[in-house]
Amino acid sequence: MNLAEVERLRGATPGCASVIHFNHAGASLPSQATLDAILGQLQREALGGPMEAADQNIQARARAAAAALLNTVPEAMAFASSGSAAWGMAFNALGPWQSGDRILIGRHEWGGNLACIARAVGAGAQLEVIPCDKSGAVSVTALEQMIDPRVKLIALTWLPANSGLINPAEAIGAVARQHGIPYFIDAGQALGQLPCDVEALNCDVLKGAGRKFLRGPRGTALLYIRPAFMQRLEPTQLDVLSAPWDGEGFALRNDARRFETSEVSVALLAGLANALEECNGLGLSVIRKRIDSLSRYVRERLKTIPGLTLHTLGPADHQSGLIAFTLRGWGSVELKLRLAQSGINIGANGVAYTPLDMQARGLESIARIAVSYLNTEEEIEVLLGSLRELAGDGGV
Ligand SMILES: Cc1ncc(COP(=O)(O)O)c(C=O)c1O
């Protein structure tokens, strides 16, 4: 991606003119075209009648673009209102759990997923954390040694929310497939940041939010279910779309839409369709390359700020665009709020989002810079300048 292309993309993104945004891992900035797609649909609904303005083509476009992003078929894709809702729906459809069933997870699992798993543990399942390798990534060797017939699920958060770690999702998928164990991937931070091929990953379920690196609207998420795995999942919630009356009974759909509801925000799906098409148009390899080079530069420069500690995990030469750090004298939330006063957005995470990993590393919170292809070298200089100044300040 050359600088002219970056300028073009920034010019097409109104937020780039009003804020210095490094919180793409929380939610990114939508393009004007994505905004127009949402507003246009709301306008059509208001003027023509909301039901009457429903356009099946919008959903079909969104589904086709989501399938193209993940290298699958549209029938394998469902939409949900959040990443956690998508993961929870698929997980809750897995049971019933028996005493002695084993669930293996990475240490970096998202807190919301752990909350769902706690229910299965209440029903007698056993939760076990796969040990990490020396770099802090999930160890594939350790996983292999844990496999036995009682393992009923392997769950991985691919790119954890609290570091730049990229877990070895493909190698873990190879183990899961070899042993026929269901494999769930939380790709919340991966979608729109890294190439993501569900065939290569060998996963049965994968989900991610629309609002993060995909630059779609809030309140949207993608849920992939491997078609051959569909029958294993009995949704806990049904309606006229997921299980319509067929004259004799209620026939559960045979595609991923068994997890959808009949009522959806068509406007948000219109925005998501546009964001997905934009992302596919740019190409994930190109996006990954730019995020990688910008975030490498940010990490190197952050190392020169006194009192700033990077909280990286995983191999130094294989990191995502998420950069976790703390600054001496500053709480992470205070730092985030202070930077916001200067028009700079970053993120701040406490323990609850990634409780096992935060506790294992003795961290109470981290501040997080998340780099997108939209960010420029100039923005990085402003951010670094502010951090350097605040480091000198001694904080609150
Ligand atoms: C890895 C990961 N999983 C899950 C989530 C939760 O997604 P949502 O807020 O859409 O439920 C996040 C949000 O930051 C995340 O980073």
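Scoring rules and cut-offs
- Residues numbered from 1 in each chain as written.
- Predicted model: local features only at pLDDT ≥ 70, side-chain atom pairs only at ≥ 80, totals over all residues.
- Near = placed C-beta within 6 Å.
- Nonpolar A, V, L, I, M, F, W, Y, C, P; charged D, E, K, R; others polar.
- Pairing = 2+ DSSP bridges.
- Helix = DSSP H or I, 4+ residues; strand = E, 2+ residues; numbered from the N terminus.
- Axes fitted to C-alpha atoms, helices over the stretch in contact; angles between N-to-C directions.
- Contact = placed C-beta atoms within 7 Å.
- Parallel < 35°, antiparallel > 145°, perpendicular 65-115°, else oblique.
- Left-handed = near helix turned anticlockwise from the far one by under 90°.
- Buried ≥ 20, exposed ≤ 12 C-beta atoms within 10 Å, placed from the backbone.
- Right-handed = clockwise from strand over helix to strand, strands pointing away.
- Core = buried A, V, L, I, M, F, W, Y, C linked by C-beta atoms within 7 Å.
- Domains from an automatic or database assignment.
- UniProt positions renumbered as here; feature names shortened; annotations may be inferred.
- Expected span 1.5 Å × (residues − 1).

Engineer: Looking at this model, I keep getting lost on the site of the ligand. Mind explaining?
Structural biologist: For the ligand, the full set of nearby residues is S82, G83, S84, W110, G112, T157, A161, D186, G188, Q189, A209 and A221. In terms of residue class, the shell around the ligand is built from 4 nonpolar, 7 polar and 1 charged.

Engineer: Sorry, what's going on with the sheet that holds strand β13 (residues 366–370) here?
Structural biologist: Consider a sheet: its strands pair through backbone hydrogen bonds, and that pairing is either parallel or antiparallel. One open sheet accounts for 4 strands, arranged β9-β10-β13-β12; its pairing is antiparallel. Lying at the two open borders of the sheet, with one neighbouring strand each, are β9 (308–310) and β12 (347–349). With direction set aside, neighbouring strand axes in the sheet form an average angle of 35 degrees. Lying on the sheet, helix α10 (residues 284–302) is in contact with β9, β10 (322–327) and β13; it crosses β10 at an angle near 15 degrees. Sheet contacts for helix α11 (residues 332–341): β10, β12 and β13; angle to β12, the most-contacted strand, approximately 170 degrees.

Engineer: How should the packing of helix α2 (residues 32–48) against helix α9 (residues 266–282) be read in this particular structure?
Structural biologist: The description of two helices packed together rests on the angle between their axes and the distance between the axes. α9 packs onto α2 with a crossing angle of 155 degrees between their chain directions and a minimal axis gap of 8 Å. Considered as vectors, α2 and α9 are oriented roughly antiparallel to each other. Every pair of crossing elements has a handedness; the one defined by α2 and α9 is right-handed. Contacts between α2 and α9 involve A33, T34, A37, I38, Q41 and L42 from the former and V266, A267, L268, A270, G271, A273, N274 and A275 from the latter. Among the residues making up the contact of α2 with α9, the classes are represented as 10 nonpolar, 4 polar and no charged.

Engineer: Please explain the pairing of strand β6 (residues 183–186) as it appears in this structure.
Structural biologist: Sheet faces and side chains relate simply in a regular strand, where the side chains alternate between the two faces. With burial as the criterion, each face of β6 is covered, one bearing Y183 and I185 and the other bearing F184 and D186. Note that strand β5 (residues 151–157) and β6 share 4 bridges and pair parallel. Bridging from a neighbouring strand, I154 pairs with Y183 of β6.

Engineer: I'm lost on the pairing of strand β3 (residues 102–105) in this one. Help?
Structural biologist: In the sheet, β3 pairs with strand β4 (residues 126–129) via 4 bridges, with the strands oriented parallel. What sits directly across from I103, in β4, is L127. Crossover β3 to β4 through helix α5 (residues 111–122) is right-handed. The pairing of β3 with β5 spans 4 bridges and is parallel. In the strand pairing of β5, L104 is matched with I154.

Engineer: Which parts of the structure should I look at to understand the environment of G347?
Structural biologist: Within the secondary structure, G347 is located in strand β12. As a C-alpha pair, G347 and V6 span 341 residues in sequence and 23 Å in three-dimensional space.

Engineer: Explain the nonpolar core to me, please; I cannot follow it from the model alone.
Structural biologist: In summary, soluble globular proteins display a tendency toward joint burial of nonpolar side chains. Ranked by size, the top nonpolar core spans 111 residues in total, and within it A90, I185, L223, Y224 and L276 carry the most contacts. For this core, the element with the most residues is α9, which contributes 10 residues. Two domains share this core, each providing at least three of its residues, namely domain 1 (3–22 + 283–393) and domain 2 (33–281). When neighbours within four sequence positions are excluded, A90 is seen to be in contact with F184, V205, L223, I225 and L233.

Engineer: Is there a simple way to think about the UniProt feature "domain: Aminotransferase class V" (unreviewed entry) in the protein in this case?
Structural biologist: Here, the residues flagged by UniProt with the feature "domain: Aminotransferase class V" (unreviewed entry) are residues 57–383. Note that residues 57–383 is 36% helix and 16% strand, and that its end C-alpha atoms are spaced 42 Å apart.

Engineer: Can you walk me through the domain arrangement of the protein in this structure?
Structural biologist: One frequently used descriptor of interface size is the decrease in accessible area upon assembly of the parts. Examined at the domain level, the protein breaks down into domain 1 (3–22 + 283–393) and domain 2 (33–281). Put simply, the middle of domain 1 and the middle of domain 2, counted by C-alpha atoms, are 26 Å apart. The interface of domain 1 with domain 2 comprises 29 residues on the first partner and 24 residues on the second. Elements with a minimum of two residues in the side of domain 1 that touches domain 2: α10, β10 and α12 (355–360). Of the residues in the side of domain 1 that touches domain 2, the class split is 16 nonpolar, 11 polar and 2 charged.

Engineer: How do you make sense of α9 when you look at a structure like this?
Structural biologist: Side chains of residues three or four places apart in an α-helix project in the same direction, reflecting 3.6 residues per turn. Across its 17 residues, α9 extends 24 Å between first and last C-alpha, which sits within 8% of the 24 Å expected from 1.5 Å per residue. One or two residues past the end of α9 sits G283, with phi positive at roughly 95 degrees.

Engineer: Sorry if this is basic, but what is going on with the sheet that holds β5 here?
Structural biologist: If you walk across this open sheet you meet the 7 strands as β2-β8-β7-β6-β5-β3-β4, and the pairing is mixed. In the strand order of this sheet, the two ends are held by β2 (77–80) and β4, each with one partner. Across the sheet, the mean angle from the axis of one strand to that of its neighbour is 20 degrees, orientation sign disregarded. Packed on one face of the sheet, helix α7 (residues 169–179) meets β5 and β6 and runs near 170 degrees to β5.

Engineer: Got a minute to help me understand unusual backbone geometry in this structure?
Structural biologist: Excluding glycine, most residues fall at negative phi; most peptide bonds, likewise, are trans. Of the consecutive residues G95 and P96, the connecting peptide bond is found in the cis state with omega at 0 degrees. Even without glycine at this site, N71 takes up a positive phi of about 60 degrees. On the basis of neighbour count, N71 is assigned to the partly exposed category, with 14 C-beta atoms found within 10 Å. Of note in the backbone geometry, N202 takes a positive phi value of approximately 60 degrees without being a glycine.

Engineer: Would you explain the environment of V298 in this entry?
Structural biologist: The topology assignment puts V298 in helix α10. You can call V298 buried: it has 20 C-beta atoms within 10 Å. Taking C-alpha positions, V298 is 41 Å from L94, a pair spaced 204 residues apart along the chain. Setting aside residues no more than four positions away along its own chain, V298 makes contact with I323, I369, V371 and I380.

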